[in-house]
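What follows is each chain in one-letter form.
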Amino acid sequence: MSNIKVSGTESNPAASSETFPWLGLLALAMTGFICIMTETIPAGLLPQISQGLHISEAMAGQLVTVYAIGSLVAAIPVAIVTRGWRRRPLLLLAIGGFLVFNSITAVSASYPVILAARLFAGVSAGVLWGMIGGYALRMVPSKLRGRGMAVAMVGTPIALAIGVPAGTFLGSLMGWRAVFGIMSALTVVLIAWVLWKVPDYPGQSTDKQSSVYEVLTTPGVRPILFVVLTWMTAHNVLYTYIAPFLADNGLGESVGVALTFFGCAALIGIWITGMLIDRWLRILVLISLAAFAILSIAMGYSNNHPFMIYIIVTVWGLTFGGAATLLQTALAGASGESKVDMVMPINTTVWNLAIAAGGVAGGILLEDLGTGSFSWTLFILSFLALFVAWSAKRHSFPPQ
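Definitions and cut-offs
Residues numbered from 1 in each chain as written. Predicted model: local features only at pLDDT ≥ 70, side-chain atom pairs only at ≥ 80, totals over all residues. Heavy atoms only, no water. Axes fitted to C-alpha atoms, helices over the stretch in contact; angles between N-to-C directions. Helix = DSSP H or I, 4+ residues; strand = E, 2+ residues; numbered from the N terminus. Parallel < 35°, antiparallel > 145°, perpendicular 65-115°, else oblique. Left-handed = near helix turned anticlockwise from the far one by under 90°. Contact = heavy atoms within 4.5 Å. Phe/Tyr/Trp six-rings, centres within 6.5 Å; stacked < 30°, edge-to-face > 60°. Lys NZ or Arg CZ within 6 Å of the ring centre and 35° of its normal. pLDDT = per-residue confidence, 0-100. Buried < 20%, exposed > 50% of the residue type's maximum accessible area, 1.4 Å probe, protein only. Lys, Arg positive; Asp, Glu negative; His and termini not counted. Salt bridge = Lys/Arg side-chain N within 4 Å of Asp/Glu carboxyl O. Polar contact = N/O pair within 3.5 Å; in protein donor to acceptor, adjacent residues only side chain to side chain. Expected span 1.5 Å × (residues − 1). Bend = angle between axes of the 7 residues up to and from the residue.

S.K.: Explain the packing of helix α5 (residues 87–107) against helix α6 (residues 111–139) to me, please; I cannot follow it from the model alone.
M.R.: When two helices pack together, their arrangement is given by the angle between the helix axes and by the axis-to-axis distance. Between α5 and α6, the shortest axis-to-axis distance is 9 Å and the interhelical angle comes to 155 degrees. As summarised for this structure, α5 and α6 are arranged roughly antiparallel, according to the angle between their axes. As for how α5 packs across α6, the hand of that crossing is left-handed. Across the interface between the two elements, R87, R88, L90, L91, A94, I95, G97, F98, F101, I104 and T105 from α5 touch V113, I114, A117, R118, F120, A121, S124, A125, V127, L128, M131 and Y135 from α6.

What follows is the structure, encoded as structure tokens:
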């Protein structure tokens, strides 16, 4: 897998030398940070948004829903339309979408207008998540692709560990509109950063463009996407409903503490992944899935044992921290040079399907069976993912 050349690397000195473009990759990481912050921050500010717009908290919660819908429906169609475009103008256009739509959210008093702004912010996110992985691969030497991906993806655990709690705290002090204003200000900084340190690359020529069908029938791609779907659905069942799970285990007042444990462990997880992925991708995937399956069993025996809960949350964070990096690097290796710009948007679509599936499935389980049912559900999903990853050793997760 390490011998596969990614389209565009031949035009980039950093990709053909020993130079590691830290500042460019960290700009991509900040892009992911803003994507995650924009997506999740309304969840921490529901009471303030509800009061400010004179709507119910359920209606305020739809600001998260429509964002996810925008990401889900836009990733593949926009990738098809824009795959011939030069990469940096497209990257800047999508980042500019956050500047426009977060600013509208910050100043508008109209719920329908804010809802529309959130939908189009989600479209921007769908475009960016489809680009970040492929962009990172172009920027680094081929033997350090996994490490480059890890740096580009570090914005996600930072947002979950630090950004969302900080945004929620600032919202309680300054108001929810100020938080979206801060996000717009950070976006201005990011635009300047991209212009400064992120190189431009050509889009794909017509003769090298692949259809969705061609990508999905490439050996190795579908097993990885199955692992994405099952692993991330399991993760999102627990992440979406972590508050009721903790409440049922006597930690209802400690959601913030538990999520801090999760986020910090995720940071450690992505650091470990970045150090080892270029040699041990398959082993890291299998270890992560096996650990997640074991902790899902442990959840069934954790009733009112706070210490055990914190161990579970910490291990969960460790397994999740490097997941995006591992799976996107595996997809890049399986898809090859001509298909990487299409496989990443497909991955974005599957990832968002998993978020939606986790939310729906977790809600049904919570209402009908309670949080005690999460344990066996997570085990089944993680075991399926582990079985497929273990079996798909020829094209998807080959030994290195």
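S.K.: Honestly, the packing of aromatic side chains in this entry has me stumped. Any pointers?
M.R.: Working definition: an aromatic ring pair is given by the centre-to-centre distance plus the angle between the planes. Per the stated rule, a full pass over the model turns up eleven aromatic pairs. Directly above the aromatic system of W196 lies the positively charged group of K197, at a separation of 5.2 Å from the ring centroid.

S.K.: Even after reading the chapter, I still don't get the confidence of the model for the protein, so can you show me in this structure?
M.R.: One rule of thumb: low pLDDT means the predicted coordinates there are not for detailed reading. When the pLDDT values of the protein are averaged, the result is 87; 94% of them are 70 or greater. Considering only residues more than four positions removed or in separate chains, one finds that residues 13–17, a stretch of pLDDT under 50, has twelve contacts.

S.K.: Any chance you could explain the side chain of R118 here in plain terms?
M.R.: Its location among the elements puts R118 in helix α6. With no salt bridge to any partner, buried R118 finds its closest opposite charge in E39, at an N-O distance of 7.4 Å. Here L63 takes part through its backbone oxygen, which lies 2.9 Å from a polar atom of the side chain of R118. With near-sequence residues (within four places) excluded, R118 lies in contact with T38, E39, P42, L63, V64, V66, Y67, T105 and F180.

S.K.: Is there a simple way to explain the side chain of R138 in this structure?
M.R.: Relative to the assigned elements, R138 resides in helix α6. Of the polar contacts made by the side chain of R138, one reaches the side chain of D341; its length is 2.7 Å.

S.K.: Honestly, the pattern of salt bridges in this entry has me stumped. Any pointers?
M.R.: All told, the structure shown has two salt bridges when counted by the stated rule. A salt bridge links R138 to D341; the shortest N-O distance between them is 2.7 Å. Linking R138 in helix α6 with D341 in helix α16 (residues 340–368), this pair joins segments that are 203 residues apart in sequence. Note on R138: relative accessible area 2%, which makes it buried. By relative accessible area, which is 11% here, D341 ends up buried.

S.K.: In this structure, what is going on with helix α14 (residues 306–321)? I would like to understand it.
M.R.: Since the α-helix packs 3.6 residues into each turn, any two residues three or four apart lie on the same face. Under the 1.5 Å per step criterion, the end-to-end length of α14 is 22 Å for 16 residues, consistent within 8% with the ideal 22 Å. For α14, the elements touching its buried residues are α8 (155–174), α11 (221–240), α12 (242–248), α13 (255–299), α15 (323–335) and α16.

S.K.: Is there a simple way to explain α8 in this structure?
M.R.: Here α8 contains 20 residues, and its C-alpha end-to-end distance of 24 Å is more than 12% below the 28 Å for a straight helix at 1.5 Å per residue. Along α8, the largest kink reaches about 40 degrees and is centred on G163; proline P165 follows within four residues of it. What α8 keeps buried is the set G155, T156, P157, A159, L160, A161, G163, V164, G167 and G171.

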